[in-house]
Amino acid sequence: MRKINVFDTTLRDGEQSAGVNLNFEEKLEIAKQLERLNVDIIEAGFPASSPGDFRSVKAIAETIKGCSVTGLSRSVQSDIDTTWAALKGGVEPRLHVFIATSPIHMTYKLKKTPDEVIETAVQSVRYAAKFFPHIQWSAEDACRSDLKFLVKIVEQVIDAGASVINIPDTVGYITPHEIGHIFSYLKENVRNIDRAILSTHCHDDLGMAVANSLSAIEHGAGQVECTINGIGERAGNASLEEIAVALRIRHDYYNAETRLKLNEIKRTSSLVSKLTGMVVPNNKAVVGANAFAHESGIHQDGVLKEKTTYEIITPELVGVSSNRMVLGKHSGRHAFKEKIKELGHTVNDEELSRLFNAFKDLADKKKDITEEDLFAILTEERVATSVAYYKVQQLQVNYGTNNIPTATITMTTLDGKELQEAATGSGSVEAIYNTLERMINSPVKLLDYRIQSVSGGRDALAEVYVKIRYEELETSGRGTAHDVLEASAKAYVNAINRVMNRKQKDELPEKIHLS
Ligand SMILES: [Zn+2]
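Remember, it's a predicted structure, so these values are computed and weren't measured experimentally.

Enumeration according to the criterion identifies two cavities of 30 Å³ or more in this entry. Its boundaries defined by the atoms lining it, the largest cavity holds a volume of some 50 Å³. Along the walls of the largest cavity sit Glu29, Gln33, Arg36, Leu271, His345, Phe375, Leu378, Thr379 and Arg382, which together make up its complete lining. Breaking the lining of the largest cavity down by element, the ones donating at least two residues are helix H1 (24-37) and helix H15 (371-382). Take the lining of the largest cavity: its biggest share by element is four residues, from H15. Along the walls of the second largest cavity sit Tyr390, Met411, Leu436, Ile440, Tyr492, Val493 and Ile496, which together make up its complete lining.

Here it is as structure tokens:
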């Protein structure tokens, strides 16, 4: 079987999704999970785009050992230098350099002639080849480019040192039949194509990203670029999980395989959904809540008699476990540590103590602690914002159908000050948010508020997601607690802390060293 390299761009293209902004700790956590999923390449960001991106790409490159880490770069020397500075500490530094090749992009965006574009592309690859062991070159908007021109530029960048040639459908315009033709054409006409791997990168504007990616694989692509849950610019990218499972279930047809650990798919999908705040629709293929639910009587009857009557993918294949009880109030530290290990995480003693305390707190209120609960506790702990400028110490809410909801809150600040305030609102959550706004003494606009339960049952953990605008920055925040009002307060304060962290970090001297 042909081996297909999986290039995950959740942290670069996926992070470009409207409304998504992951912080440093969250990006690192996702990268570690992608390593467990065993992708071949992680695109960690666009190092030259901001100091924050530079810092996270560098940390990911230095942390991840099980796969190659790459960063996106424009075809200019300063970008390439910055990307090298971010990636050089990695096990397999890889540059992803791009330039647009379609007539529309060359004329209106780049304002360059085709020959000038070739020259810039070749120069940047040649320059990068001096220090990067692996160079991937991308033809932006390739699927709307002239094929003869594409052949010409691809031949020259391969000669200059590129070993992966990515042919993106940047605007999500192509059809499966057409993309198949592009890949076959390049295979047949690029004279030195045996020295490079062809890669596909599809967008879902017409709902064909996965079908197009699979067609490209059929016609010679040896690498597929995709994101977890298909998140990304506009309508998103091709879904990693759908491509991976299609290749596995229909290996008879595609005759191609990846090295992915498919049973890490569900966990990866949940983590990305949780941290980005982008909900996975119930009917989403492979990872949706209903993906394995048989509703019709005839189907249920069939599945009971013989699973394969209506089930082509088993839940176990992608790591969907029936949400069984794993721990309870009387579980000890050792059992807890073992479970964390089973979930694929290693923790040091200090972390373990904090996690165990959070677990004990929860076990006092909730009878059965499920795998999902543990995962929620673990994620909260792992991605806690680096500095908590504000911390809620006490929260009291007065609510009755016939009186005005009032919240009283005590918070501590980073410098140890204690703040106390009370305010009313038309509902309990509004009362809390009005109180918090008074305490931080600056207007906060609430753009989105969502609540969901972590698992089933009356005593389930509540998870609140908010999006706010504060001090001219838009950011999201999350809070998990046993009570919905406490979770609401936590999410809001988490968002405020994230804005403060971002402001602090952008002022770091790193900015100066970048150029
Ligand atoms: Zn893209």
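There's more to say after this.
On to the packing of aromatic side chains. Throughout the structure, instances matching the rule amount to ten aromatic pairs. A ring pair is formed by Trp84 and Phe131, whose centres lie 5.5 Å apart and whose planes are at 50°; its orientation type is tilted. On the criterion of sequence distance, the pair formed by Trp84 in helix H3 (residues 77-87) and Phe131 in the loop between helix H5 (114-128) and strand E6 (134-140) is long-range, its members being 47 residues apart. Since its relative accessible area comes to 22%, Trp84 is described here as partly exposed. These aromatic residues form a ring-pair network of at least three members: Trp84, Tyr127, Phe131 and Phe132.

As a further point, take the nonpolar core. The nonpolar side chains of a soluble globular protein tend to be buried, and buried together. Among the nonpolar cores identified, the biggest contains 96 residues, and Trp137 and Ile165 are the most heavily contacted of them. Core analysis: the second largest hydrophobic core is formed by 26 residues, Ala407, Leu436, Val466 and Ala491 among them.

Looking now at the coordination of the zinc ion. The protein atoms that coordinate the zinc ion are Asp13 (OD), His201 (NE2) and His203 (NE2), at distances spanning 2.0 to 2.2 Å. Sequence positions of the donors to the zinc ion reduce to the motif D-x187-H-x1-H. Taken as a pair, Asp13 in the loop between strand E2 (5-8) and H1 and His203 in the loop between strand E8 (197-202) and helix H8 (209-218) lie far apart in primary sequence, 190 residues in all. Residue His203 is classed as buried on the basis of its relative accessible area, which comes to 4%.

About the thresholds
- Residues numbered from 1 in each chain as written.
- Predicted model: local features only at pLDDT ≥ 70, side-chain atom pairs only at ≥ 80, totals over all residues.
- Heavy atoms only, no water.
- 1 Å grid on protein atoms, 1.4 Å probe; cavity = no way out; pocket = protein on both sides within 12 Å on 5 of 7 lines; lining within 4 Å.
- Points joined across faces, edges and corners; volume = space filled by probe spheres on them.
- Helix = DSSP H or I, 4+ residues; strand = E, 2+ residues; numbered from the N terminus.
- Phe/Tyr/Trp six-rings, centres within 6.5 Å; stacked < 30°, edge-to-face > 60°.
- Buried < 20%, exposed > 50% of the residue type's maximum accessible area, 1.4 Å probe, protein only.
- Core = buried A, V, L, I, M, F, W, Y, C linked by side-chain atoms within 4.5 Å.
- Donors = N, O, S within 2.8 Å, 3.2 Å for Na, K, Ca; no water.

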